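Chains, contacts and geometry: an overview
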Amino acid sequence: MNRARRRGGLARFLLLYAALYGAYGGLSPILPAFLAARGLDPGAIGVLLAAAGALRLVIGPLAGSVADRRGAGRPILAASLALAGLATLAHLPGTGFAQLIGPALLYAAGTAAPAPLADALALAAARGGTAFQYGWVRAAGSAAFIVGTGAAGWLIGIVDLAAALAASGILFLAAAAAALALPAVSAAPVETRPLLRGFADLVRRPRFRRTVLAAALVIGAHALHDGFAMILWRASGIGAGTAGLLWSVSVAAEVLVFLLVGPLLLARIGLPAGVAVAACAGALRWAVLGSTVAVPWLAAAEALHGLSFALLHLACLGLIEESTPSHLRATALALYGTFGLGLSGVLATLASGALYGSFGARAFWAMAALSLAALPLVPGLRRR
């Protein structure tokens, strides 16, 4: 019975992550194009996306804190996903900035918390790997993201942008239903201390601070690649098909590390060493991209994405589990996602435009240095 219950829990999390990241994969690449098609100029699109990003920085940690304080991770996750789905669909009749700013902000509010809340629930259900490995469900999410992106392109080709956006909205609603079907967890006692006490408690923990900062440095270093790798490759004469295959190599490596390699490697070398490996892999990856556009070398560098991102994420989640109390876990993961992954990427992206404009491919050497800057933090990540 226990084994059947564990398998049922794993299946429900697989459905949740597939629907959630499939929705992200279908919507993320096409949303700016949809906004442009509905009458927004580049300046208006930038304002709208910046406002949505700022709202996420506030909503994400607050939602995580409320989930911890009320023991309500599952209903808040389901409500957030339902809001994201309805807000996505609410884009469809809109035209112009005035009609689209409302759905965009509601979408930002709905998507601020699902990833960290889902991770918090999955880590609790995994029970330190005794029920299942977190990497299994995250690998399902990564694979679904790519399927969602491909499906969106197919829908755009045979119908239009609106059809792809509608499909993503439906997937968010399916993810909300999957969240409600997750295994029940023990309700935490209602927290009576002031709201900011939880944030202050986490900030006072040195290992947590170092984990978030290390993630910010290594993940932030990915910004130049995400924004300008395709531009560099196409300008260097690499065809669209080959460039797409190079991108696919990185995703395949990510899935492989989440699914199999990462848990085994971290069990052998430890979580702090995993962060160090990720930082070094990132530095090597960016050094290659800063030095050559030879396709075999680029393919090898893209395969390092499994270490520079997936291994780092697994190591950081393990460190957060070790260094934070369970009653603050959703808050900790929301802060990690908001500042370690989100805000760092935004700031690095802003810098990447100026760097690439001034130095071209050589700007990747700055990303290599940024990734290596995480190494001095590694000794402080060890359990004392």
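1. So, the overall build of the chain
Across its full length, the chain carries 17 helices and 0 strands. The globule rule puts the C-alpha radius of gyration for 384 residues at 21 Å, and the 20 Å found for the chain is close to it. The 384 residues of the chain split such that 50% are buried. If you sum the accessible surface of the chain, you get close to 16,300 Å²; carbon and sulfur atoms cover 70% of it. Counting 27 positive and 11 negative side-chain charges, the chain places the averaged centre of each group 9 Å from the other.

2. Examining helix H4 (residues 73-90)
Spanning 18 residues, H4 covers 25 Å between terminal C-alpha atoms, matching the ideal 26 Å at 1.5 Å per step. What H4 keeps buried is the set Gly 73, Ile 76, Leu 77, Ala 78, Ser 80, Leu 81, Ala 84, Gly 85, Ala 87 and Thr 88.

3. As for the confidence of the model for the chain
Taken as a whole, the chain shows an average pLDDT of 87; of its residues, 94% reach a score of 70 or greater. The weakest mean pLDDT in the chain belongs to helix H9 (residues 195-203) at 75; the strongest belongs to helix H13 (residues 271-289) at 96.

4. Structural notes on the packing of aromatic side chains
Counted by the stated rule, this structure contains 9 aromatic pairs. Relative to Tyr 356, the ring of Phe 228 has its centre 4.9 Å away and its plane inclined at 20°; by these criteria the two rings are stacked. Note that Phe 228 is positioned in helix H11 (residues 223-235) and Tyr 356 in helix H16 (residues 329-359), a separation of 128 residues in sequence. Across this residue pair, the class does not change: Phe 228 and Tyr 356 are buried.

5. What to know about the nonpolar core
Among the nonpolar cores identified, the biggest contains 91 residues, and Phe 13, Leu 16, Tyr 17, Leu 77, Leu 81 and Phe 172 are the most heavily contacted of them. Counting 20 residues, the second largest nonpolar core, distinct from the first, contains Ala 221, Leu 232, Leu 298 and Ala 301.

6. As for the side chain of Asp 201
Mapped onto the elements of the fold, Asp 201 is located in helix H9. Polar contacts involving the side chain of Asp 201 include one to the side chain of Arg 205, which spans 3.4 Å.

7. Examining the pattern of salt bridges
Overall, the coordinates contain 4 salt bridges when judged by the stated rule. The residue Glu 322 makes a salt bridge to Arg 207 at a minimum N-O spacing of 2.8 Å. One end of the pair, Glu 322, is in helix H15 (residues 305-323); the other, Arg 207, is in helix H10 (residues 206-220), with 115 residues separating them in the sequence. On the basis of relative accessibility, which here comes to 32%, the residue Glu 322 falls in the partly exposed class. For Arg 207, a relative accessible area of 15% puts it in the buried group. For Arg 383, the salt bridge identified is with Glu 322, shortest N-O distance 2.8 Å. Separated by 61 residues along the polypeptide, Arg 383 in the segment after helix H17 (364-372) and Glu 322 in helix H15 bring together distant segments of the chain.

8. A word on a nonpolar patch on the surface
Taken together, the side chains of Trp 136, Leu 256, Leu 259, Leu 260, Val 261 and Leu 264 define a hydrophobic patch exposed on the protein surface, amounting to about 540 Å² of accessible area. When residues of the nonpolar patch are assigned to their parent elements, the largest contribution, 5 residues, is made by helix H12 (residues 240-269). Its location among the elements puts Leu 260 in helix H12. What makes Leu 260 partly exposed here is its relative accessible area of 48%.

9. Some remarks on helix H14 (residues 295-303)
By the burial criterion, the buried members of H14 are Leu 298, Ala 301 and Glu 302. End-on, the buried residues of H14 take up no more than an arc of 100°, which puts them together on one face. Away from its buried face, by an angle of more than 90 degrees, H14 presents the exposed residues Pro 296 and Trp 297. The elements touched by buried residues of H14 are H11, H12, H13 and H15.

Rules behind the numbers
- Residues numbered from 1 in each chain as written.
- Predicted model: local features only at pLDDT ≥ 70, side-chain atom pairs only at ≥ 80, totals over all residues.
- Heavy atoms only, no water.
- Helix = DSSP H or I, 4+ residues; strand = E, 2+ residues; numbered from the N terminus.
- Rg over C-alpha atoms; globule rule 2.2 N^0.38 Å.
- Buried < 20%, exposed > 50% of the residue type's maximum accessible area, 1.4 Å probe, protein only.
- Areas by Shrake-Rupley, 256 points an atom, 1.4 Å probe, with all protein chains shown as cover.
- Lys, Arg positive; Asp, Glu negative; His and termini not counted.
- Charge placed at Lys NZ, Arg CZ, Asp CG, Glu CD.
- Expected span 1.5 Å × (residues − 1).
- pLDDT = per-residue confidence, 0-100.
- Phe/Tyr/Trp six-rings, centres within 6.5 Å; stacked < 30°, edge-to-face > 60°.
- Core = buried A, V, L, I, M, F, W, Y, C linked by side-chain atoms within 4.5 Å.
- Polar contact = N/O pair within 3.5 Å; in protein donor to acceptor, adjacent residues only side chain to side chain.
- Salt bridge = Lys/Arg side-chain N within 4 Å of Asp/Glu carboxyl O.
- Patch = residues over 30% accessible without salt bridge, like charges linked within 9 Å, V, L, I, M, F, W, Y side chains within 5 Å.
- Arc of directions from axis to C-beta.
- Contact = heavy atoms within 4.5 Å.

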